[in-house]
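Notes for the structure review
Residues per chain, in single letters:
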Amino acid sequence: MNHPQNIILSSTPGTLAVPDNPVIPFIEGDGIGKEITASVRLIIDKAIEKSYNGERKIEWKEVLAGEKAYNKLGTWLPEETIDAFRKYLVGIKGPLTTPVGEGIRSLNVALRQELDLYVCLRPVRWFKGVATPLLHPEKVHVTIFRENTEDIYAGIEWNAGTPEVEKVLKFLKEEMGVAKIRFPETTSIGVKPVSVEGTERLVRSAIDYAINNRLPSVTLVHKGNIMKFTEGGFKKWGYALAEREFSDQVFTENIFNKIKAERGLEAAVAAYNEAMEGGKVFIKDVIADAFLQNTLLKPEEYSVIATLNLNGDYISDQLAAMVGGIGIAPGANINYVTGHAIFEATHGTAPDIAGKNKANPCSMLLSGVMMLEYIGWSEAGSLVTKSLENLFEKGYATPDLARFMEKGKALSTSEFASEVINSL
Ligand code: NAI
């Protein structure tokens, strides 16, 4: 096949062909975006240079979005920006101001929808030295796969008192026999779509990830005990997919329970032990509220999490807070079938500190590390991670983190970036 120079290609679903000089589009971002993006690019370039003796290098291509785009072009999200992410597959972005006003979508949501980025990926780990409310934060090592396109977040809602909601309520009452709406006169209605396809592609990505990274388990987190067809469907379809597509590589709680019912607990435990010794991934499930308790009480039981959109939103922030990392948590939105992926800072534009050279670049930097891992340049990613481990342990950090650290030494954004580079 003719390989267009410098473009990352998705050869078969799940595999990327990455040239040595890939073009990677980036959105600088609003507010603190300018400061952190500049630092992140510098650090990543240096880490790549060191790791591959100058044989590999990213060709950064700036694309516009947010205020910068609006000021230059009069539009918040230019078509060329979406086209660039579509063409070059992999990109990174700083935080964007959410424009206020009727009819303007959140730019982040727009990008996710345009490229059908169905996984919101959030790895959570603790860095020694970072202040945390947990006694044993080192036990938290979790990667969250949050479904990104469905659920109650799909944006299908009607406001109380409008003719639209009246129509929906009438349909529910007269045609569907729904008699359970407590205050029909003053009710808003939202719709929660959860599909077999949407569930399967998310769970498939999570299991693939666990297998490729030799991780012990994938946990399906849901509220299927209450919402039987939507969240219950997620659990049922998730298990079915695991047993159908990964029968040689996984052992499920579902199968454990079947063996237990048919041949007793001992036989089930023996089958489980054999599967784990054979390096299989254990697929289990847990109700979302129990999961949130368990993450505090026994976080070591969880490795990869696959969950629906709303649960995933809550879970991502709770887990990040548990390791003191809410301000440095990285994230990515990915379509593992087409290969499209946008790596991003998970915080906002922090207008209160913008331009003050105080912003913490680590959320975006660690997203950059995820990006390097995604394109198979893990050596460079590890170099950055090690450098951060080293600095945090010494108490070197930007003020937002340093003020809570035992030996905290507050550095500006640019000083911190230089320290990262020096210790690469
Ligand atoms: P925010 O995350 O920008 O700020 C919340 C607090 O955290 C502020 O005190 C801020 O100074 C601090 N903070 C955030 N990032 C930091 C960093 N890297 N280093 C040090 N301190 C940091 O959330 P806020 O104020 O609710 O939103 C501001 C704007 O950002 C809004 O327009 C919002 O819509 C947008 N936003 C964009 C996101 C994105 O592009 N992914 C995500 C969240 C908000």
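Right above here is the structure, for reference.
Predicted model, so just to flag it, every value in this text is computed and none were measured. (Residues numbered from 1 in each chain as written. Predicted model: local features only at pLDDT ≥ 70, side-chain atom pairs only at ≥ 80, totals over all residues. Heavy atoms only, no water.)

Some details on the overall build of the protein
- The number of helices and strands found in the protein is 15 helices and 17 strands.
- Taken over C-alpha atoms, the radius of gyration comes to 23 Å for the protein, in line with the 22 Å a tight globule of 424 residues would show.
- With the C-alpha coordinates of the protein rotated into their principal frame, the extents come out at 60 × 60 × 55 Å.
- For the protein, the residues scored as buried account for 48% of the 424 residues in total.
- Within the protein, contacts between residues at least 6 apart in sequence are counted, and of these 72% link residues at least 24 apart.
- Surface exposure of the protein reaches about 20,600 Å², of which carbon and sulfur atoms provide 52%.
- When the 46 positive and 54 negative side-chain charges of the protein are each reduced to one mean point, those points stand 2 Å apart. (Helix = DSSP H or I, 4+ residues; strand = E, 2+ residues; numbered from the N terminus. Rg over C-alpha atoms; globule rule 2.2 N^0.38 Å. Buried < 20%, exposed > 50% of the residue type's maximum accessible area, 1.4 Å probe, protein only. Contact = heavy atoms within 4.5 Å. Areas by Shrake-Rupley, 256 points an atom, 1.4 Å probe, with all protein chains shown as cover. Lys, Arg positive; Asp, Glu negative; His and termini not counted. Charge placed at Lys NZ, Arg CZ, Asp CG, Glu CD.)

Quick look at the site of the ligand
- Contacts to the ligand come from 19 residues, most closely from Leu 96, Thr 98, Gly 348, Ala 350 and Asp 352.
- Between an oxygen atom of the ligand and a side-chain N or O atom of Asn 108, the distance comes to 3.1 Å.
- The contact in question runs from a nitrogen atom of the ligand to an N or O atom on the side chain of His 347, over 3.2 Å.
- When the ligand sits alone it has 800 Å² of accessible area, and the protein chains cover 64% of it.
- Tallied by class, residues from the shell around the ligand come to eight nonpolar, eight polar and three charged. (Near = heavy atom within 4 Å. Polar contact = N/O pair within 3.5 Å; in protein donor to acceptor, adjacent residues only side chain to side chain. Nonpolar A, V, L, I, M, F, W, Y, C, P; charged D, E, K, R; others polar.)

Notes on the environment of Lys 223
- Relative to the assigned elements, Lys 223 resides in the loop between β10 (217–222) and α7 (231–245).
- Along the chain, Lys 223 and Ile 287 lie 64 residues apart, while their C-alpha atoms are 5.3 Å from each other.
- Those residues in contact with Lys 223 that sit more than four places away from it in its chain are Glu 231, Ile 287, Ala 288, Asp 289 and Asn 311.

Considering the pairing of strand β5 (residues 90–93)
- Neither face of β5 is open: one carries Val 90 and Ile 92, the other Gly 91 and Lys 93, and all of them are buried.
- Two strands pair when backbone bridges link them, and strand β3 (residues 23–27) and β5 are joined in this way by two bridges, in the parallel orientation. Of the residues in β5, the one forming a bridge with Ile 27 is Lys 93.
- Where β5 and strand β15 (residues 341–345) come together, four bridges link them in parallel fashion. Its bridge partner being in β15, Lys 93 is matched across the sheet by Glu 344. (Pairing = 2+ DSSP bridges.)

Comments concerning the pattern of salt bridges
- Within this structure, the stated rule accounts for 20 salt bridges.
- With a shortest N-O distance of 2.5 Å, Lys 192 and Asp 151 are connected by a salt bridge. Taken together, the residues span a long stretch of sequence, with Lys 192 in the loop between β9 (189–190) and α6 (196–212) and Asp 151 in the loop between β7 (141–147) and β8 (157–158) at a distance of 41 residues.
- For Lys 192, a relative accessible area of 18% gives the class buried.
- With a shortest N-O distance of 3.2 Å, Asp 289 and Lys 223 are connected by a salt bridge. One end of the pair, Asp 289, is in helix α10 (residues 288–297); the other, Lys 223, is in the loop between β10 and α7, with 66 residues separating them in the sequence. (Salt bridge = Lys/Arg side-chain N within 4 Å of Asp/Glu carboxyl O.)

A word on the sheet that holds β15
- An order of β4-β3-β5-β15-β14-β6-β7-β13-β10-β12-β11 is seen for the 11 strands of this open sheet, with the pairing classed as mixed. Edge positions in the open sheet fall to β4 (59–62) and β11 (250–252), since each of these has one partner strand only. For this sheet, the mean inter-axis angle between neighbouring strands, taken without regard to orientation, is 25°.
- Across five bridges, the pairing between strand β14 (residues 330–334) and β15 is antiparallel. Bridging across to β15, Ile 334 finds its partner in Ala 341. (Axes fitted to C-alpha atoms, helices over the stretch in contact; angles between N-to-C directions.)

Structural notes on the packing of aromatic side chains
- The final tally for this structure, using the stated rule, is 13 aromatic pairs.
- Counting every residue linked through ring pairs, the aromatic cluster contains Phe 145, Tyr 209, Tyr 336, Phe 343 and Tyr 374.
- Positioned above the aromatic ring of Phe 127, the side-chain terminus of Arg 125 is 3.8 Å from the ring centre.
- Across from the ring centre of Tyr 396, 4.8 Å away, lies the NZ or CZ of Lys 394, which sits over that ring. (Phe/Tyr/Trp six-rings, centres within 6.5 Å; stacked < 30°, edge-to-face > 60°. Lys NZ or Arg CZ within 6 Å of the ring centre and 35° of its normal.)

Some points on helix α3 (residues 79–88)
- Burial in α3 covers these residues: Thr 81, Ile 82, Ala 84, Phe 85 and Tyr 88. Take α3 and look down its axis: the buried residues cluster within an arc of 155°, on one side only.
- In the segment just after α3, Leu 89 is the residue with positive phi, at about 70°. (Arc of directions from axis to C-beta.)

Details of the environment of Leu 77
- On the secondary structure map, Leu 77 appears in the loop between α2 (67–73) and α3.
- Here the alpha-carbon distance between Leu 77 and Val 100, two residues 23 residues apart in the chain, equals 14 Å.
- The contact partners of Leu 77, leaving out residues within four places of it in the chain, are Ala 65, Ile 82, Leu 107, Ala 110 and Leu 111.

So, the pairing of β7
- When you tally the buried positions in β7, you get six out of seven residues, the bulk of the element.
- Where strand β6 (residues 119–125) lies against β7, seven bridges are found, and the strand directions are antiparallel. For Arg 125, the partnering residue across the bridge sits in β7 and is His 141.
- Examined bridge by bridge, β7 and strand β13 (residues 304–307) share four bridges and lie parallel to one another. Note that in β13 the partner of Phe 145 across the bridge is Ala 306.

Function cannot be read off these values alone, since they describe shape.
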